[in-house]
Structure formats: structure tokens, C-alpha cells
Amino acid sequence: MGRFCRTRLIGKLFVDCTAVSFVTPFWLRYNSRNLNNIHYCASPKTQPQVDERPYPSILARVRLARLVNKPNSTRQVGTQGDTMRVLITGAAGFLGSHLSDRFIGEGHTVVGMDNLITGNMDNIAHLMGHERFSFIKHDVSNYIYVPGEIDAVLHFASPASPNDYLEHPIPTLKVGSLGTHNTLGLAKAKGARYLLASTSEVYGDPQVNPQPETYWGNVNPIGPRGVYDEAKRFAEAMTLAYQRYHGLETRIVRIFNTYGPRMRLNDGRVVPNFIHQALTDQPITVYGNGSQTRSFQYYSDLVDGIYRLLHSDEALPVNIGNPSEMTIVEFANAVVEIARSKSEIVFVQPTDDRFTDDPKQRRPDISKAKRVLGWEPKVQLAEGLKNTLDYFRDKV
Ligand code: UDP
């Protein structure tokens, strides 16, 4: 090839590359807006049926975004196959540890992060030393540094039981606000997809039952539970601001009451409390008259819903919970029966903040999760409670 031809070829390549790097950010932003618009009004007929397991690759999109952000990235697109490197905050907690297991089990690499304020290293002891798992002890309310590429950030760090967030009100507010801001900033810097663990508490003491995602809620911002509820509401607003303003790919899961192995026996929530009392034949303490309702989902159903949501195109919040609603008295009877306990049920009126603004009813409307994720819960209460009782048996 002559020198003139080579010079022309190099010149043409230079012009093409410049054009691509100029156009791609606009294309990505336009495309993500279009995707957001499409799924708001998509016909149910076009959505997957329950039990299909569509996990479309998010990698192509996050890697493209990363290359656009950082044209000098040394990591080659596709060299990691379909596996991701994910950061899970709150990895030593009840949900974070089960999520870590799921991602490791699917062949991904997990960086777990936790400040251990309510988390417990025992929950991830079996993962320590695994070649695809690493752990960083850190409070995400402070600036976060993670070396290397990250494909997805899942923000699960927070005290989550009423006892815990009443005991740690300011860290709860900080991790929902500053921690969410820091993890979003990290996801943006890494060109990663982001998933926020939100909660049914954003609906407060709901006036609408069951609660669809379109319900705005009934929250007391200045009550004792406000530190958790408002932190999570802020976290949702912040996440959507990053999505709308920065074009970050974000997902929000609104988690309803979840139970299972690795809950803390003394976290004060109704499931460990009743199980502890039933296994030791102590009185089962029903707060108030026990007519308040909850809907309990087993952790494995939740983890599957989260995994599907991360891989989906759904950019607005999705409820993940079990719609089987029962009163707390009914739940107490179920625990006594399945544990074959001699415990009697007693009604108590807590005088501290635990019972203030206690929601009178709670049940997820999961039609959106069924429609957009092809998800619904599979584990019945009897089976889930039996597994959980077995887990706690040698801990009481
Ligand atoms: N509850 C109860 N006895 C207990 C602990 C909790 O009756 O020993 C009630 C509590 O008042 C609430 C429900 O059980 O109505 C669920 O409480 P939990 O703390 O598990 O979580 P919440 O759903 O309120 O966030």
C-alpha cells in the first residue's frame, strides 16, 4: 500500500472514531429514554409469562457505557463472557448474604461491603476464601473506593428492623441518604447498573390495600419509624434523579416482609421473636390486639425477584413480596403449630417506640412483578417457616 493510501486510511479511521465517540453518548441517552418510555406503556401481551426465566444480558449495555465514559479502559468487551463483577453493600446482612450466594452461584464475581453495624460475618463465612468473592469492611455513608471495573451495584446496606433503626436512627438516615448518594456516584463512575433496595415502608401506614407501586403512601415523617421510611423515600428520589439527569441505568425493588435463615434472633422483628418464643415454650408476644396484617415472603423468592429485576428493563419501582396476607394473631398460631410448641399467645402493649405508627395492614400488589419480570412467589409459609425453625433450633 502506498504512503498516500496509508495516510488517507489513517485519516479516515481518525474521522470515523471521532464521529462514533461524539455520537454514542447521545445515542445511549436517547436510547435509554426510549426504553424507559416503552416499558411504561408496554402491552401485557408482549411481556414474559410467569415461570419463563429471561435474564437478558445487561453486560453489553453497561460495557458500552463504560467504554464511552472511559475510552482508554484496558478491559476488553466480552473477555469476561456473560459474568459480571458486582458490588453488594450490606453483604454481611440477612438479604445481602443470600444475594451474594446467588450471584456467586450464577458464576459472577462479588465484592461484598458492610460496616457490620447490624451485619454479621458469620453470614458470609462460607464465602470467605472463594476466588470470586472479596469483602471490604466499610461504612458506605463515607466516600467509597473500589478498585477495578464494576458492572452492577446493589445497595442493600441499612439497619432494617424497627428495633435496629430505632437504636441507630442517625446511621439509618445517613445510609439511606449519603450511602445512596455515594453508591450512585460509584455506579456512575464505573458505568455500572444500579439497584436500590427500597421497602414497603415507603407506603407507611397505607390507606390502600393491597399497595400498588402507584400508591404514594401515608408516612409520618417525624415519628420514630420516619428515620427509615423517609431515608428510603429519599433514596428512591435520588436514584430516579441519577437515572433522569445522568442517564444511569437504575432499578428499585420495594421489599415486603421477608424471613428466613440468617435473620438475627434478637433483631426484634416478628418472625425471629415468635420463633424464639415458640422454640423455648415462652409466651408469644402479640403487640396490640394482633389484628394488624402482614404478608410474609421467603427469602429465596425475594432473591429471585431481585435477580430478575436487575436484568430487566424496568426503570421504576417494583414490589416484591408474597400477597398472602394474614393477621399477626394468625401468624402467631401458624408458628406455634409448625413448631409444635407449648407456647400460649399473649397480647402486650409495648410502651416504647416500637409500636408507634405500626402499619395496620400491608399486602403487596404484585401484578407489575408478574407482568414485567414473569415473577411470583413459590414458597408456601409452612415450608418456609419449617426451614427457618430448623435454622434457629440450635441457636436458641
Ligand atoms: N409484632 C408483634 N410481636 C412481636 C414483634 C412484632 O406482634 O414480638 C408485630 C408488630 O407490631 C407488627 C408486626 O408484628 O405489627 C410486624 O413487625 P416487624 O417488626 O416484623 O416488622 P414491620 O412489618 O412492622 O416492619
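These notes cover the structure that comes with them. Computed from a prediction, not measured in an experiment: that's the story for all the values here.

1. Quick notes on the overall build of the chain
- If you tally the helices and strands in the chain, you get 11 helices and 13 strands.
- Evaluated residue by residue, the chain yields a buried proportion of 41% over its 396 residues.
- Sequence-distant contacts, at least 24 apart, represent 81% of the contacts inside the chain between residues at least 6 apart.

2. Concerning the site of the ligand
- Around the ligand, 14 residues are found, and the nearest of them are Arg269, Val270, Asn273, Tyr287 and Gln292.
- Elements represented by at least two residues in the shell around the ligand include exactly helix H7 (270-279) and strand E8 (284-287).
- It is E8 that contributes the most residues to the shell around the ligand, 3 residues altogether.
- Of the residues belonging to the shell around the ligand, the class tally is 6 nonpolar, 5 polar and 3 charged.

3. Remarks on helix H8 (residues 299-311)
- Between the first and last C-alpha of H8 there are 19 Å, a value that for 13 residues agrees with the 18 Å anticipated at 1.5 Å per step.
- For H8, the buried fraction is high: 10 of the 13 residues fall into the buried class.

4. Looking at the pairing of E8
- Side chains of E8 alternate between two faces, with Ile284 and Val286 buried and Thr285 and Tyr287 left unburied.
- For E8 and strand E13 (residues 345-348), the ladder comprises 4 bridges, and the chain directions are parallel. The partner of tyrosine 287 across the bridge, within E13, is valine 348.

5. A few points about the packing of helix H9 (residues 328-339) against helix H11 (residues 381-393)
- Direction vectors running N to C along H9 and H11 enclose 60 degrees, while the axes themselves pass 10 Å from each other. The orientation of H9 relative to H11 falls into the category oblique. As for how H9 packs across H11, the hand of that crossing is right-handed. The segment H9 lies against H11, with Ala334, Val335, Ile338 and Ala339 engaging Leu381, Ala382, Leu385, Lys386 and Leu389.

6. Quick notes on the sheet that holds strand E5 (residues 193-199)
- Taken in spatial order, the 7 strands line up as E3-E2-E1-E4-E5-E6-E11 in an open sheet, and their pairing is parallel. In the strand order of this sheet, the two ends are held by strand E3 (133-137) and strand E11 (318-320), each with one partner. Direction aside, the axes of adjacent strands within the sheet are offset by 20 degrees on average.
- In this structure, strand E4 (residues 152-155) lies alongside E5, joined through 4 bridges in parallel fashion. By the bridge assignment, leucine 154 is partnered in E5 with leucine 195.
- Where helix H3 (residues 94-105) meets the sheet, its contacts fall on strand E1 (85-89), strand E2 (109-114), E3 and E4, and the angle it forms with E2 comes to roughly 170 degrees.
- Lying on the sheet, H8 is in contact with E4, E5, strand E6 (250-255) and E11; it crosses E6 at an angle near 160 degrees.

7. Side note on the packing of helix H5 (residues 169-190) against helix H6 (residues 226-246)
- Two numbers describe how H5 lies on H6: the axes approach to 8 Å, and their chain directions differ by 15 degrees. One element, H5, and the other, H6, form an angle in the roughly parallel class. The handedness of the crossing between H5 and H6 comes out as right-handed. Counted together, Pro169, Thr172, Leu173, Gly176, Ser177, Thr180, His181, Leu184 and Lys188 of H5 and Val227, Tyr228, Ala231, Lys232, Phe234, Ala235, Met238, Thr239, Tyr242 and His246 of H6 form the full contact between these two elements.

8. Structural notes on the nonpolar core
- Within the largest apolar cluster, 74 residues are counted, with the highest numbers of intra-cluster contacts made by Val86, Val153, Leu195, Val253, Ile306 and Val335.
- Per-element tally for this core: the top contributor is H8, with 7 residues.
- When sequence neighbours within four positions are dropped, the list of residues in contact with isoleucine 306 reads Leu99, Leu195, Val253 and Ile320.

9. Thoughts on unusual backbone geometry
- In this structure, the amide linkage connecting asparagine 209 to the following residue, proline 210, adopts the cis form with an omega of -5 degrees.
- Assignment of secondary structure puts proline 210 in the loop between E5 and H6.
- Even without a glycine there, the phi angle at aspartate 357 is positive, about 60 degrees.
- By the secondary structure assignment, aspartate 357 is in the loop between E13 and helix H10 (367-373).

10. With respect to the environment of aspartate 101
- Within the fold, aspartate 101 resides in helix H3.
- Along the sequence, aspartate 101 and histidine 126 sit 25 residues apart, while their C-alpha atoms lie 9.5 Å from each other.

11. Quick word on the pairing of E4
- Here E4 shows no split at all, with Ala152 and Leu154 on one side and Val153 and His155 on the other all buried.
- In this structure, E1 lies alongside E4, joined through 4 bridges in parallel fashion. Directly across from threonine 89, in E4, lies its bridge partner histidine 155.

12. With respect to the environment of proline 221
- Mapped onto the secondary structure, proline 221 falls in the loop between E5 and H6.
- Assessed through the 11 C-beta atoms surrounding it within 10 Å, proline 221 is described here as exposed.
- A C-alpha to C-alpha distance of 9.5 Å links proline 221 and glycine 204, two positions 17 residues apart in sequence.
- If near-sequence neighbours (up to four positions away) are discounted, proline 221 is found in contact with Gly226 and Glu230.

13. Some remarks on the environment of threonine 285
- As for its position among the elements, threonine 285 is in strand E8.
- Owing to 16 C-beta atoms within 10 Å, threonine 285 belongs among the partly exposed residues under this scheme.
- For threonine 285 and alanine 332, which are 47 residues apart along the polypeptide, the C-alpha to C-alpha distance reads 8.6 Å.
- Those residues within four positions of threonine 285 in sequence are excluded, and the remaining contacts are Asn273, Gln277, Val346 and Val348.

Criteria and thresholds
Residues numbered from 1 in each chain as written. Predicted model: local features only at pLDDT ≥ 70, side-chain atom pairs only at ≥ 80, totals over all residues. Helix = DSSP H or I, 4+ residues; strand = E, 2+ residues; numbered from the N terminus. Buried ≥ 20, exposed ≤ 12 C-beta atoms within 10 Å, placed from the backbone. Contact = placed C-beta atoms within 7 Å. Near = placed C-beta within 6 Å. Nonpolar A, V, L, I, M, F, W, Y, C, P; charged D, E, K, R; others polar. Expected span 1.5 Å × (residues − 1). Pairing = 2+ DSSP bridges. Axes fitted to C-alpha atoms, helices over the stretch in contact; angles between N-to-C directions. Parallel < 35°, antiparallel > 145°, perpendicular 65-115°, else oblique. Left-handed = near helix turned anticlockwise from the far one by under 90°. Core = buried A, V, L, I, M, F, W, Y, C linked by C-beta atoms within 7 Å.

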